[in-house]
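What the coordinates show
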Amino acid sequence: MANVVVVGAQWGDEGKGKIVDWLSERADVIARFQGGHNAGHTLVIGEDVFKLHALPSGVVRGGKLSVIGNGVVLDPWHLVREIAGLRDQGVTITPDTLMIAENTPLILPLHGELDRAREEAARPGAKIGTTGRGIGPAYEDKVGRRSVRVADLADAATLEARVDRALTHHNALRKGLGIDPVDRAGLIAGLTEIAPEILQYAGPVWKAMTEKRKAGKRILFEGAQGALLDIDFGTYPFVTSSNVIAGQAATGTGIGPGAIDYVLGIVKAYTTRVGEGPFPTELNDDDGQRLGERGHEFGTTTGRKRRCGWFDAVLVRQTCAVSGVNGISLTKLDVLDGFERLRICVGYDLDGQRLDYLPTAADEQARVVPVYEDMPGWSESTAGARSWAELPAEAIKYVRRIEELIQCPVALLSTSPERDDTILVTDPFAD
């Protein structure tokens with residue numbers, strides 16, 4: 001049976017929630033493999049709207065196993081609140097439907113405090129645009145071998161030792177930033193109190209994933225953010241603190257790379273970005289304002305207004321290559337309805353040199369000038385279309401040109417937030 005990885009192929013906010021939900025109906029396991037509760041996925045199911053941050057999108061579907069893998073950093077207090085909120089909406093979440101990897105690092109209150117203090121102390125132009133939720137510092141502790149992990153919650157002596165190791169590092173940092181030392185007793189008490197709520201879901205995810213795969217179950221790997229925020233291949237340093245690309249699905253759940261059969265890249269029909277960093281096709285005019293208003297471009301997690309611009313085929317071709325994308329899901333095509341002219345970035349000019357990729361150096365990323373190809377828009381509505389026959393000819397031409405430029409076919413086409421307003425071209429779960 002095919003196992004599918006879903007990744008964002010831009011700067012996030014591409015509409016992954018709807019697509020993952022659409023695919024999860026036929027999956028047996030839905031696994032989050034990176035990121036933290038800085039992610040935000042909105043699912044619209046009938047009259048119900050679910051906003052997820054830490055939990056995999058599959059939790060709203062009965063009969064599925066949802067997995068939080070070791071590649072995630074987890075805020076236990078946020079998770080408990082999110083579970084409670086979904087239960088209030090009628091969603092059933094039990095240890096039979098949710099599993100958390102025992103080796104998942106925890107986000108502690110001190111991580112958020114450090115995150116926000118650093119951002120406030122950064123000089124103008126050096127701010128990363130972090131959500132301030134502690135994701136970056138938690139990943140730093142993981143790499144620095146001083147994390148408190150889920151399994152540590154089960155033993156008081158181990159928990160105290162892990163906390164002490166973390167505080168040796170953090171209290172020194174806090175002193176330099178003018179922050180009071182961490183309340184050790186309070187932190188341990190808080191973790192001890194919440195431990196039973198988390199441990200009931202804990203288990204060896206790598207083992208469960210291997211068993212599910214051997215049993216022929218379909219696994220859907222759900223990424224957060226977008227490939228242009230990848231710690232290695234994104235617009236560094238304005239990136240997230242984890243690997244976002246498809247290869248992380250294996251490392252972040254403890255399953256071998258041979259388990260990945262299909263990579264689906266989620267791509268918006270234009271481009272958006274939240275926070276700081278380079279954005280070659282950004283529009284600061286009426287067209288940009290129109291895209292933002294029609295697309296309701298506000299972050300699910302932060303509520304911040306997203307920056308909007310024309311479709312950048314250079315960037316998407318690049319992210320599709322790095323993630324090994326087999327096909328894309330093109331979302332929000334309906335937002336472009338009514339534009340007389342559409343523009344697609346087909347290259348960059350850097351100091352008189354034509355480039356077909358985004359350079360790595362930050363100063364060069366800031367200087368590139370997009371080279372555009374213009375295409376006619378369409379006046380008809382594409383909203384809610386469920387077949388190619390319902391699309392205007394110019395909309396189809398726009399989609400086909402994107403396929404040519406990014407060198408990757410469209411597997412799905414989304415024409416509204418409703419899950420059934422989707423045109424299926426290639427089934428990612430096909431055997």
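The rules behind these values
Residues numbered from 1 in each chain as written. Predicted model: local features only at pLDDT ≥ 70, side-chain atom pairs only at ≥ 80, totals over all residues. Heavy atoms only, no water. 1 Å grid on protein atoms, 1.4 Å probe; cavity = no way out; pocket = protein on both sides within 12 Å on 5 of 7 lines; lining within 4 Å. Points joined across faces, edges and corners; volume = space filled by probe spheres on them. Helix = DSSP H or I, 4+ residues; strand = E, 2+ residues; numbered from the N terminus. Nonpolar A, V, L, I, M, F, W, Y, C, P; charged D, E, K, R; others polar. Buried < 20%, exposed > 50% of the residue type's maximum accessible area, 1.4 Å probe, protein only. Lys, Arg positive; Asp, Glu negative; His and termini not counted. Salt bridge = Lys/Arg side-chain N within 4 Å of Asp/Glu carboxyl O. Polar contact = N/O pair within 3.5 Å; in protein donor to acceptor, adjacent residues only side chain to side chain. Pairing = 2+ DSSP bridges. Arc of directions from axis to C-beta. Contact = heavy atoms within 4.5 Å.

Thoughts on the layout of surface pockets
The calculated volume of the second largest pocket comes to roughly 670 Å³. Taken together, 26 residues line the second largest pocket, and the ones lying closest to its centre are Gly15, Thr42, Gly295, Lys332 and Pro417. Elements that contribute at least two residues to the lining of the second largest pocket include exactly helix H1 (16-24) and strand E3 (41-45). Across the lining of the second largest pocket, the residue classes tally to 4 nonpolar, 13 polar and 9 charged.

With respect to the side chain of aspartate 75
When you line up the elements, aspartate 75 lands in the loop between strand E5 (65-68) and helix H2 (76-88). Buried within the structure, aspartate 75 lacks any salt-bridge partner; arginine 81 is the closest side chain of opposite charge, at an N-O distance of 5.1 Å. Side-chain polar atoms of aspartate 75 contact the backbone nitrogen of tryptophan 77, separated by 3.0 Å. A distance of 3.0 Å separates a polar side-chain atom of aspartate 75 from the backbone nitrogen of histidine 78.

Quick look at the sheet that holds strand E7 (residues 202-203)
Taken together, the 10 strands give an open sheet; going across it, the order is E7-E6-E5-E2-E8-E1-E9-E13-E17-E18, and neighbouring strands pair in mixed fashion. Strands at the two margins of the open sheet, each flanked by one partner only, are E7 and strand E18 (422-424). Summarising the sheet, strand E13 (residues 327-331) and strand E17 (residues 410-414) pair through 3 bridges and their orientation is parallel. When the bridges of E17 are listed, isoleucine 328 appears paired with valine 410.

Looking at helix H7 (residues 205-214)
Side chains that are three or four residues apart share a direction in an α-helix, a result of its 3.6 residues per turn. For H7, every residue scored as buried is listed here: Val205, Ala208 and Met209. Within H7, the buried residues cover an arc of 100° as seen down the axis, which keeps them to one side. In H7, the exposed residues that point more than 90 degrees away from the buried face are Trp206 and Lys214. On the buried face of H7, the contacting elements are strand E2 (29-32), E5, strand E6 (98-101), E7 and strand E8 (219-222). Where H7 terminates, the next one or two residues include glycine 216, which has phi positive at roughly 80°.

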